[in-house]
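Read off the chains here:
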Amino acid sequence: MVFTVYFCFPSVFVNLEDGLDKMGIPVLLHLGVVLVLSPLLLGIIGKTKACLTGRIGAPLLQPYYDIGKLFRKGNVYSTTTTWIFQAAPIVCLAAVLVSSLLMPLGGLKAPIVFWGDILLFAGLYGLARFAMVLAALDTGSSFEGMGASREATFSCLTEVVLFLDFIILSCVSKKIVLSEMVQGNALTSWHLAGPALILMGVSYFLVLLAENARIPVDDPATHLELTMVHEVMVLDHSGWDLAYILYGSAIKLFVLGSLLVNILIPSYHLSPFMQTMMFSGGMFVLSFGIGVVESCMARLRLNRIPQLLIGAFVLALVGVLVVLLKGA
Amino acid sequence: MTFLLYSLAVLTGAVFLMALTARFRRISGNIFLFSLVMASVLGLFSAISVLVSRAPVDYHLNFRMPLGEFFIGLDSLSAFFLLAITVLFFLAGIYGYAYLKDDHKRNLSVHFVFYHLLFISLILVVAAKNAVVFLMAWEMMTISSYFLITFYHEQKSVRDAGYLYLIAAHAGTFCLWVMFLLMGQHAGSLNFDQMSMSAFPDTLTGLLFVLGVIGFGVKAGFIPLHIWLPHAHPAAPSHVSAVLSGVMIKMGIYGLMRLILIIKIFPEWCAVLLLLIGIISGVGGVLYALGQHEIKKLLAYHSIENIGIIALGMGIGLWGQLYHNEFVALIGYAGALLHVFNHAIFKGLLFLSAGSVIRSTHTGEIDRLGGLLKYLPWTGHLFLIGAISICGLPLFNGFVSEWLVFRALFEGMFHFKMNAIVFSGAGIIALALIGGLAAACFTKAFGAIFLGNSRSIDNSHLKENPWEMCAPMAVLAGICVWVGLFPFTMVSFALGAASSIYPIKTSPIAAGTIISPLLMVVVVLLILIMAIAVLTLLKRISMKFLAIEKSLTWGCGYSHPTNRMQYTASSFADSILRIFRTVMGYSVAKGSSHVVEVCEEFIFRPVFQVIKFLSAKLKIIQCGYTQWYLLYIFVFLLFLLIWKMV
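About the thresholds
- Residues numbered from 1 in each chain as written.
- Chains lettered and ligands numbered in written order.
- Predicted model: local features only at pLDDT ≥ 70, side-chain atom pairs only at ≥ 80, totals over all residues.
- Helix = DSSP H or I, 4+ residues; strand = E, 2+ residues; numbered from the N terminus.
- Rg over C-alpha atoms; globule rule 2.2 N^0.38 Å.
- Buried ≥ 20, exposed ≤ 12 C-beta atoms within 10 Å, placed from the backbone.
- Contact = placed C-beta atoms within 7 Å.
- Core = buried A, V, L, I, M, F, W, Y, C linked by C-beta atoms within 7 Å.
- Domains from an automatic or database assignment.
- pLDDT = per-residue confidence, 0-100.
- Pairing = 2+ DSSP bridges.
- Nonpolar A, V, L, I, M, F, W, Y, C, P; charged D, E, K, R; others polar.
- Axes fitted to C-alpha atoms, helices over the stretch in contact; angles between N-to-C directions.
- Parallel < 35°, antiparallel > 145°, perpendicular 65-115°, else oblique.
- Left-handed = near helix turned anticlockwise from the far one by under 90°.

Colleague: Help me understand the overall build of chain B in this model?
Modeller: Across its full length, chain B carries 24 helices and 5 strands. For 646 residues, the compact-globule estimate of 2.2 N^0.38 gives 26 Å, and the C-alpha radius of gyration of chain B, at 26 Å, lies within 12% of that figure. By its C-alpha atoms, chain B is 100 × 65 × 55 Å across when sized along the principal axes. Looking at the 646 residues of chain B, the share that counts as buried comes to 55%.

Structure follows, in structure tokens:
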């Protein structure tokens, strides 16, 4: 049957073989950049918070030391758990890592570009979340079950907002390809769809905070299990598993943040060097911004978080309406 | 075609043989298995040959029936549904044979006879080329499935569920009779081919479409016509639930597609209606599923959700057809069709593994179970594959069909006018929400049943079910992975079937633009698998040099945790249901949560109460004297006579 398909659509297979030859090195380069740079964002956020609260704070490279330390530690596994508990951090890290392949990073073009890659992008995050929620339930601990339940709840809402933002972007750029959506005609579209893009930026920033467990949705430094969301899900993980999880969340912040930077800074017409500079500057400003938000806000009460996310939903919805009315 | 006729002949022969040998368990069981394998293989051959050659085949029988002729045939659309039917019936049948083997109280051959009758009637429904044959097969399907549902008839709840199903199905069939008679009256023939050649006026097409949506929608389980479904599916034995949910409710979808194929041009609001039904059924189905505490009831509500996704694909396809946008129409229909097949596979898998859990533990209450993955490893891991598939996550088949539906909706946003853009956008949002909620629901179900520790059942004596039950599930899981990682064959089949609904030539370029992004998806997924392998390997190697300890789950300082302290499925779902509490009547009382079935309680129950009240008033004419009844007949004849004369 595969042969039938082969005879019907030989062009498909030829394209694939062409693509695969050129793909290898860019993929590895992209993965390398993401792996090396992503924990730096956490360092910048930490440093910003320390500066704003009048402390010297941990060194900029502290997240690297933390992850490195965990890689040298042994593991403790609960007797209740199954292989799912150990597989989830791996799936989670692999999924967010692979999702970065769809995202252009400054002068570095996305190595894999195809129609509808945003759907796969969202799907990979869904897979990572599915694995982590199952790992939390695998321990049989009521605290971790609680965290898993909250994670599942909030992610339902963030996913909807994410897709609304995708709708705005695809209406503005008339594309459903991540690379082309974020850079296709962002500069020209700022004149036409500026208000919609700003609304989209704000709602996406809220999604970014919620997805990455930042204040005001979740406090990564809290010490009370009852109020945690993401942290409480990984209470039982240790050693390599925990290192994978921390690394995964750093990459997630990096990739989701780079989408925001790509949209808000239209740099596609510049030279690759300038693009990279603009992109790095944007990422720095973004992590500084997150640090500022974290320094001057407290964590919201848990039952307020759905309201915050529904607020983001409404903002994005208004953005869609603006785009549609302009377009019509 | 001859293959299909042989297959029907084998099944019919087996029905008679099993009826004759009903007393001899062994013999009738063997006849069942043998005929099932034969018929499925023959049916599969005929479906695949039509799908590959794309040449429809017909068969006339020289046998006059009232109102028409016995006329059956297979085109790509029928063949696609036939594929799903044969695969699922074959695997669920083998499972069912093993599932019921230890049940010595009941006469199993009767059950097997009705199973075969349902198989025959489903084949006839998709193969019928004449409205009378179609309706007869439809009726046979309803009745044989009623007897399958009421297998455990000594329980009152099962009898009630069966009765509700029978009423709902016949109310739907009534609409179908009206619809087909109207169509036949206008076209001058009850053969589908002749019908599709005549042009229907605008006013009539709207009416026909509404009748079709009600008649077929009852079977498919569109909200608010779904109320029979969550009662009937849990009542039936698991392999029957798998077949009912996997393929029988899809006959409603098949009917609607056949209706669209015949009439072709509808008013625009029909597409709006389908999209709205899709959104409401999809989101409503998964929300109700979250509120369920019984595994099979939860799965039954998920069938409604998936029917909603299929309706979304069909709605956008119909809209594309009305705007003469062949590309959108093709992808929309292909997405809907592929989801029909995928849902048959993963829902079949989930129902079979749920049945395996129930057979081992004798309960389906999610909050009593826990930790079964260690005791039922096959069932558990296969359930996990089904769960990931149904959530539409990458690596498995659900992602592929939802991807197609998403694509059709996004393309709709670009190519259509304002109103269509709004509804496509709403469809995208609904599909995203469905994805998130489904993931929450299946992490809840899998986590509570298979992970953690048992909450109130003693797991220690449990053992895995026999291989005859695990093998069919493993095959279904294999199909999930196959379609998820190598989607080309099934997508091209679905495209072929879709192009038979809206007759256009699928140009190789159009098909290439649909399939080549999917190929890139596969490339990314292969990179994902490689990444997982590398990370696993790194961890494995380093683990050799590091200390690994075993200990209890950390209780945050509490030193004597018990199993009853674990988070339950109800509390897991609570935080989501609270957000939607006003829409679905969610309440927590005395430590247990409850969801009100709004359509059942506030629409159908009052209506039926009024009907009951009125029919009680009619009792006065029923006095019990034969003379009176003769008088009624006489009066009625007189009335008819006068009617004729005037």
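Colleague: So what exactly am I meant to see when it comes to the overall build of chain A here?
Modeller: Within chain A one finds 12 helices and 1 strand. Going from N to C terminus, chain A has its helices and strands arranged as α-α-α-β-α-α-α-α-α-α-α-α-α. At 20 Å, chain A has a C-alpha radius of gyration in line with the 20 Å of a compact globule built from 328 residues. Along the longest, intermediate and shortest principal axes, the C-alpha atoms of chain A span 55 × 50 × 35 Å. Expressed as a percentage of the 328 residues in chain A, the buried residues total 56%. Long-range pairs, those at least 24 residues apart, make up 79% of the contacts in chain A between residues at least 6 apart in sequence.

Colleague: Honestly, the nonpolar core in this entry has me stumped. Any pointers?
Modeller: One broad rule of soluble globular proteins: the nonpolar side chains tend to lie buried together. Counting 348 residues, the largest nonpolar core has A:I168, B:L88, B:L122, B:A334, B:L337 and B:A494 as its most contacted members. Counting the residues that make up this core, at least three belong to each of domain 1 (1-266) and domain 2 (268-534) of chain B. Non-local contacts of B:L88, meaning those with residues more than four positions away in its chain, are made with B:A242, B:V243, B:G246, B:V247, B:A344 and B:G348.

Colleague: Quick question: what am I supposed to make of the confidence of the model for chain A here?
Modeller: All names here are of chain A. Looking at chain A, pLDDT values average 85 and 90% of them are 70 or higher. Of all the helices and strands in chain A, helix 1 (residues 2-8) carries the lowest mean pLDDT, 43, while helix 4 (residues 83-99) carries the highest, 95. In the model, residues 1-14 has pLDDT below 50 throughout and makes 19 contacts with residues more than four positions away in sequence or in other chains.

Colleague: I tried to follow the interface of chain A and chain B on my own but got confused; where do I start?
Modeller: When the parts of a complex come together, some accessible area is lost, and that lost area is often taken as the interface size. Tallying the contact residues gives 77 residues for chain A and 73 residues for chain B. Where the side of chain A that touches chain B is concerned, the elements lending two or more residues are helix 1, helix 2 (10-52), strand 1 (75-78), helix 4, helix 5 (117-138), helix 6 (142-173), helix 10 (239-264) and helix 12 (305-327) of chain A. A total of 18 residues in the side of chain A that touches chain B trace back to one element, the largest contributor, which is helix 6 of chain A. Of the pairings in the sheet, the one linking strand 1 of chain A to strand 3 (residues 548-551) of chain B comprises 4 bridges and is parallel in character. Bridge pairing in strand 3 of chain B links A:V76 to B:E549.

Colleague: Looking at this model, I keep getting lost on unusual backbone geometry. Mind explaining?
Modeller: Most of the time, phi is negative for any residue but glycine, and the peptide bond is trans. A:I215 connects to A:P216 through a cis peptide bond whose omega is 10°. A cis amide bond links B:I223 with the next residue in sequence, B:P224, at an omega value of 10°. Positionally, B:P224 belongs in the loop between helix 8 (202-220) and helix 9 (229-235). Residue A:A213 is not a glycine yet carries a positive backbone phi of 60°. Structurally, A:A213 can be placed in the loop between helix 8 (186-211) and helix 9 (230-233). With 20 C-beta atoms packed within 10 Å, A:A213 lands in the buried category.

Colleague: Would you mind showing me how to read the domain arrangement of chain B here?
Modeller: Residues and elements named next belong to chain B. We note that the domain assignment places domain 1 (1-266), domain 2 (268-534) and domain 3 (602-645) within chain B. Put simply, the middle of domain 1 and the middle of domain 2, counted by C-alpha atoms, are 22 Å apart. Contacts between the two partners involve 43 residues from domain 1 and, on the opposite side, 45 residues from domain 2. Considering every element that reaches the side of domain 1 that touches domain 2, the biggest residue donor is helix 3 (residues 76-99), with 13 residues. In the side of domain 1 that touches domain 2, the residues fall into 30 nonpolar, 10 polar and 3 charged.

Colleague: Is there a simple way to think about the packing of helix 12 (residues 268-290) of chain B against helix 13 (residues 295-322) of chain B in this case?
Modeller: The description of two packed helices rests on the angle between their axes and on the distance between the axes. All names here are of chain B. Their axes nearest at 7 Å, the elements helix 12 and helix 13 cross at an angle of 160°. With respect to each other, helix 12 and helix 13 are oriented roughly antiparallel. The element helix 12 and its partner helix 13 pack so that their crossing is left-handed. Residue classes in the contact of helix 12 with helix 13 are distributed as 21 nonpolar, 7 polar and 2 charged.

Colleague: Mind showing me how you'd approach the environment of A:A250 here?
Modeller: Residues and elements named next belong to chain A. Mapped onto the secondary structure, A250 falls in helix 10. A sequence separation of 10 residues divides A250 from W240, and the C-alpha atoms of the two residues are 15 Å apart. Contacts of A250, omitting those with residues within four sequence positions, involve S38, P39, L41, L42 and P63.

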